[in-house]
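# Survey of secondary and tertiary structure
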Amino acid sequence: MPQATSLFTDVESNVVGTSAVVIYSPSGKKRTRFPEGVVEVYLSETEALAHADPDQSRYAAIASGPSRSSEGFKLFYLVRWLN
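Reading the values: the criteria
Residues numbered from 1 in each chain as written. Predicted model: local features only at pLDDT ≥ 70, side-chain atom pairs only at ≥ 80, totals over all residues. Heavy atoms only, no water. Pairing = 2+ DSSP bridges. Helix = DSSP H or I, 4+ residues; strand = E, 2+ residues; numbered from the N terminus. Axes fitted to C-alpha atoms, helices over the stretch in contact; angles between N-to-C directions. Salt bridge = Lys/Arg side-chain N within 4 Å of Asp/Glu carboxyl O. Buried < 20%, exposed > 50% of the residue type's maximum accessible area, 1.4 Å probe, protein only.

### As for the sheet that holds strand E2 (residues 33-35)
Overall, antiparallel pairing links the five strands, which are arranged E2-E5-E4-E1-E3 in an open sheet. Edge positions in the sheet fall to E2 and strand E3 (39-42), since each of these pairs with one other strand and no more. Along the sheet, successive strands turn relative to each other by an average axial angle of 45°, direction set aside. Across three bridges, E2 lies against strand E5 (residues 74-81) in antiparallel orientation. Each bridged residue has a counterpart across the sheet, and for phenylalanine 34 the counterpart in E5 is phenylalanine 76.

Now the structure itself:
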């Protein structure tokens, strides 16, 4: 069985995936993890970019998740910003 080296490289797992998303983040692009309530998942990077609106604090990104945190919340982890 392949050994996963991180949350982002576990391609064998069906539990956590990496997706194009739009994240609502009033504090801007300072954070690296986000609760599922502020993340919208899209089918492609193009679609996420089309729904992004930085003037309204909505940023397109690639994120991994959702993953359950130790506190019991479902979180998305930023891989990279798209814009």
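Additional details are given in the paragraphs that follow.
### What about the pattern of salt bridges?
Tallying each qualifying case throughout the model produces two salt bridges. We note a salt bridge from arginine 58 to glutamate 40, for which the minimum N-O separation is 3.1 Å. Placement of the pair is arginine 58 in strand E4 (residues 58-68) and glutamate 40 in strand E3, with a sequence separation of 18 residues. The exposure class of glutamate 40 is partly exposed, given its relative accessible area of 33%. As a salt-bridge pair, glutamate 45 and arginine 80 come within 2.9 Å of each other at their nearest N and O atoms. Remark: arginine 80 occurs in strand E5 and glutamate 45 occurs in helix H1 (residues 45-51); sequence separation between them is 35 residues. Residue classification places arginine 80 among the partly exposed positions, given a relative accessible area of 41%.

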